[in-house]
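Coordinates in review
One letter stands for each residue in the lines below.
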Amino acid sequence: QVQLVESGGGLVQPGGSLTLSCEASGIIFGFYAMGWYRQAPGKQREWVASLSTLGMTNYADSVKGRFTISRDSGKDIVYLAMNNLKPEDTAVYYCNAKRASLNMNYWGQGTQVTVSS
């Protein structure tokens, strides 16, 4: 059974930092591209960052320079370090694991991030 379990969300003031974690089980972690998405109230889910199996990273323009995606393959965990947070970063953040060659795509349950003073 595949599970992606996010943690690390919470309430933070503008300009603050948070690091989200996503622990994977039930998959061969190194075979999957990992990503973070977010969904704000009343909006569609949007892509935030991704990390390929070869270690290449990509970021949405809105978070570039502020967010960093990384993985600890020994622990099957992917992180999203978020700095200089803004109120518009408020959303539920979802972890994603994708193996495109086999059309496999998995989601976590989400973790809430609220940026407010």
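Residues numbered from 1 in each chain as written. Predicted model: local features only at pLDDT ≥ 70, side-chain atom pairs only at ≥ 80, totals over all residues. Heavy atoms only, no water.

A look at the sheet that holds strand β8 (residues 77–82)
A sheet is described by the order of its strands in space; here four strands give the open sequence β1-β3-β8-β7, paired in antiparallel fashion. Of all strands in the sheet, those bounded by a partner on one side alone are β1 (3–7) and β7 (67–72). Strand-to-strand, the axes of this sheet are offset by a mean angle of 15 degrees, without reference to chain direction. (Pairing = 2+ DSSP bridges. Helix = DSSP H or I, 4+ residues; strand = E, 2+ residues; numbered from the N terminus. Axes fitted to C-alpha atoms, helices over the stretch in contact; angles between N-to-C directions.)

What to know about the packing of aromatic side chains
Here a ring pair, both rings aromatic, is described through the centre-centre distance and the interplanar angle of the planes. Summed over all chains, the structure comprises two aromatic pairs. Measuring from centroid to centroid gives 6.2 Å for Y32 and Y106, while their planes differ by 45 degrees, and the two rings are tilted. Here Y32 is found in the loop between β3 (18–25) and β4 (33–39), whereas its partner Y106 is found in strand β10 (residues 104–107), with 74 residues between them in sequence. Judged by centre distance (4.9 Å) and plane angle (70 degrees), the ring pair of Y37 and W107 falls under edge-to-face. In this pair, Y37 sits in strand β4 while W107 sits in strand β10, placing the two residues 70 residues apart along the sequence. (Phe/Tyr/Trp six-rings, centres within 6.5 Å; stacked < 30°, edge-to-face > 60°.)

Examining the state of the cysteines
By definition, a disulfide is the covalent link that joins the sulfur atoms of two cysteine residues. For the structure shown, the criterion picks out one disulfide. A sulfur-sulfur distance of 2.1 Å marks the disulfide that ties C22 to C95. Between C22 and C95 the sulfur-sulfur dihedral comes to about -80 degrees; the bridge is accordingly left-handed. Of this pair, C22 sits in strand β3 while C95 is found in strand β9 (residues 91–99), placing the two residues 73 residues apart along the sequence. Here C22 falls in the buried class, since its relative accessible area comes to 0%. (Disulfide = S-S within 2.5 Å. Buried < 20%, exposed > 50% of the residue type's maximum accessible area, 1.4 Å probe, protein only.)

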